[in-house]
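# Overview (structure and organization)
Next come the chains, spelled out residue by residue.
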Amino acid sequence: MNIKVLLILLIAMLSVSSSPIIAYSLDISAITVAFWRMFIGGILLWVISLFFKQKPLNKSNRFKTYIFGILLGLHFYFFFTAVKLTDMSNATLLGTIAPLFTMIIEIFWLKRKISINIIIWILMIVGGSIIIVLHDFDFSTSYTLGSISAIICSFLLGIGFIISEDVRQSESTISFSRTLYMSAALTLFILSFVMGESLLNFPINQWNILGLLALGIIPNMFGHNLLYYIVKYISPTIVASVPLGEPIIASVSAIFLFNIFPKPEIIVSGFIILSGLFFLMKFTNIDNQTDKGDYE
């Protein structure tokens, strides 16, 4: 794979990995964290657009971006809910299985190549996820609800990467992302209204403010934006696999920053899931997973 692509994916991985670490340290509800992350990211991109003129999205792509915006808003709501309800390693582990869903969509919807290896690795990933979800399974516990929330967030993001691949073939990253983030923010604003939760009802202190700004800048501008840039050129399943490093980075950070150690079942299931995803990415041949063209 092109060195430039690898560098972009590495920067994106490190950037998105900062999200659960920052969010966990904030004394702010999940939906509030999700809203301000999307709103700040969207505003920044619209400001950047004032200096770098961007062509508006065409009608068809604008509609697709709105759909993805709704999915992305819900994705971050479920992700930050998982971070708040369960431990960080669990949330990030189940929150990074989006490649599983993009792989399934690419195979069965986009009719790209399939082999017996794909089925084996997918079953391996599903098996690892089941271990986590079924451990002390009880809908009344935050652990179970957090695990389910993490899986839902992965599913929503997996669909979103498929949509972004399509839109990015004819639209710039900034035009796409600025509309996407503001659509996601609007979705979260409506959701907070329905839930009766104020998006300003949190301690206004220096750490919370800096944390929200950091979420809007680092994982958005240097994380997701780079993923939406590169998805134009490589398979969305490959792009969706980038956050696979997130559970490792988040778990190690949680040990040093918060003195939180992963549970034994998470270590075991994490090894199974990450191994399955690794082999899925390494040994699976998917049409269009190689470079699609020159990089802008």
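Residues numbered from 1 in each chain as written. Predicted model: local features only at pLDDT ≥ 70, side-chain atom pairs only at ≥ 80, totals over all residues. Heavy atoms only, no water.

### A short note on the overall build of the protein
A tally of helices and strands in the protein yields 13 helices and zero strands. Residue pairs at least 24 apart in sequence account for 90% of intrachain contacts in the protein once pairs closer than 6 positions are excluded. Accessible surface for the protein amounts to roughly 13,100 Å². Of this, 73% is attributable to carbon and sulfur atoms. (Helix = DSSP H or I, 4+ residues; strand = E, 2+ residues; numbered from the N terminus. Contact = heavy atoms within 4.5 Å. Areas by Shrake-Rupley, 256 points an atom, 1.4 Å probe, with all protein chains shown as cover.)

### Concerning the environment of Ala-91
By secondary structure assignment, the location of Ala-91 is in helix α5 (residues 88-94). Residue classification places Ala-91 among the buried residues on the basis of a relative accessible area of 0%. Considering only alpha carbons, one finds Ala-91 and Ile-148, 57 residues apart in sequence, at a separation of 9.3 Å. Not counting residues up to four positions away in its chain, the partners in contact with Ala-91 are Phe-79, Ala-82, Val-83, Thr-86 and Ala-150. (Buried < 20%, exposed > 50% of the residue type's maximum accessible area, 1.4 Å probe, protein only.)

### Re the confidence of the model for the protein
Here the protein shows a mean pLDDT of 84. Residues at 70 or above account for 89%. Within the protein, the element-level pLDDT minimum falls on helix α7 (residues 116-134), averaging 72, and the maximum on helix α9 (residues 173-195), averaging 96. Counting interchain partners and residues more than four positions distant, the pLDDT-below-50 stretch residues 286-291 has 19 contacts. (pLDDT = per-residue confidence, 0-100.)

### Side note on a nonpolar patch on the surface
A contiguous nonpolar patch, built from Leu-7, Leu-10, Ile-11, Leu-14, Ile-204, Trp-207, Ile-209, Leu-210, Leu-213, Ile-217, Ile-218 and Phe-222 and spanning about 1,100 Å² of accessible area, is present on the exposed surface. Among the secondary structure elements, those contributing two or more residues to the nonpolar patch are α1 (3-16) and α10 (206-230). Element by element, the count of residues in the nonpolar patch is highest for α10, at seven residues. (Patch = residues over 30% accessible without salt bridge, like charges linked within 9 Å, V, L, I, M, F, W, Y side chains within 5 Å. Salt bridge = Lys/Arg side-chain N within 4 Å of Asp/Glu carboxyl O.)

### Here's the deal with the nonpolar core
Counting 70 residues, the largest nonpolar core has Met-38, Phe-68, Leu-72, Phe-80, Tyr-228, Ile-230 and Ile-234 as the members making the most contacts within it. Examining the composition of this core, we find that nine residues originate from one element, helix α4 (residues 59-85), more than from any other. (Core = buried A, V, L, I, M, F, W, Y, C linked by side-chain atoms within 4.5 Å.)

### Remarks on α1
Taking 1.5 Å per residue as the helical rise, α1 with its 14 residues ought to reach 20 Å, and the 20 Å between its terminal C-alpha atoms agrees with that figure. Among the residues making up α1, those that are buried are Val-5, Ile-8, Leu-9, Ala-12, Ser-15 and Val-16. With its buried residues spanning 125° around the axis, α1 presents them on a single face. Where α1 is buried, its residues contact α2 (18-25), α10 and α12 (246-258). (Expected span 1.5 Å × (residues − 1). Arc of directions from axis to C-beta.)

### A short note on helix α8 (residues 142-168)
Between its first and last C-alpha atoms α8 spans 38 Å; for 27 residues at 1.5 Å apiece the expected length is 39 Å, and the two agree. A large share of α8 lies buried, amounting to 19 of its 27 residues.

### What about the side chain of Ser-275?
Residue placement: Ser-275 occurs in helix α13 (residues 264-283). Its relative accessible area of 13% is what places Ser-275 among the buried residues.

### A word on the environment of Asn-90
Relative to the helices and strands, Asn-90 resides in helix α5. Overall, Asn-90 belongs to the buried group, its relative accessible area being 0%. Residues Asn-90 and Pro-247, spaced 157 residues apart in sequence, show a C-alpha to C-alpha distance of 7.8 Å.

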